[in-house]
Amino acid sequence: MAYSTNTPAGKAVEAIINDLPGLVAVAVVDVNSGMALASHSNSPSVNPETAAAYNTEVVKQKQKAMSALKLTGEKIEDILITLTNQLHLIKLNAAGNKFLYLAVNARETNLAIAREVLRTHAEEIN
């Protein structure tokens, strides 16, 4: 457990753990630094702090692509990465300076529910 329930990030992580008990990993991440502000993993093979750093690069590269394509007035709401056995979701907060990272088992988790849980808790990390 790498979070304190005394912070908005820690409260969001705890709420997501409660709402999606079958999750693999979750983290609240600062977009500028790539650091996990709070994180939790139910799998010894998934380090959410490492995932936070790499997924920050995913977000930054997509922002660069949007700029190169001159997609003005658009912002990233979420990013979905489907793997063979897992779904990885990245949900940015309204300000775009933090995101929630979530990894779940693709066969045990309903994608719509996972997205709704992230949408609900993204507001808490502003």
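To be clear, the structure that these remarks concern was listed above.
What this report covers is the structure whose coordinates are included nearby. (Residues numbered from 1 in each chain as written. Predicted model: local features only at pLDDT ≥ 70, side-chain atom pairs only at ≥ 80, totals over all residues. Heavy atoms only, no water.)

## Quick word on the environment of G22
Here is the rule we go by: Numbering of helices and strands runs from the N terminus; a helix is a DSSP stretch of H or I covering at least four residues, while a strand is a stretch of E covering at least two. Three exposure classes are used, based on accessible area relative to the maximum for each residue type with a 1.4 Å probe and protein chains only: buried under 20%, partly exposed in between, and exposed over 50%.
Looking at where G22 falls in the secondary structure, it is placed in the loop between α1 (8-19) and β1 (23-30). The class for G22 is partly exposed, based on a relative accessible area of 43%. The spacing of G22 and I113 is 91 residues in sequence and 12 Å in space, taken between C-alpha atoms.

## Some thoughts on the pattern of salt bridges
Put simply, the test is: For this document, the term salt bridge refers to a Lys or Arg side-chain nitrogen within 4 Å of an Asp or Glu carboxyl oxygen.
Per the counting criterion, the structure on display carries 3 salt bridges. With a closest N to O distance of 2.7 Å, R115 and D78 form a salt bridge. With R115 in helix α3 (residues 111-122) and D78 in strand β3 (residues 78-82), this residue pair connects regions lying 37 residues apart in the sequence. Note on R115: relative accessible area 38%, which makes it partly exposed. Among the residues examined, D78 registers a relative accessible area of 29% and is labelled partly exposed.

## Let's talk about unusual backbone geometry
The residue K70 is not glycine, and still its phi comes out positive at about 55°. With respect to the element layout, K70 can be found in the loop between α2 (48-68) and β3. The class of K70 is exposed, set by a relative accessible area of 66%.

Everything listed here is a matter of geometry and, on its own, says nothing about what the molecule does.
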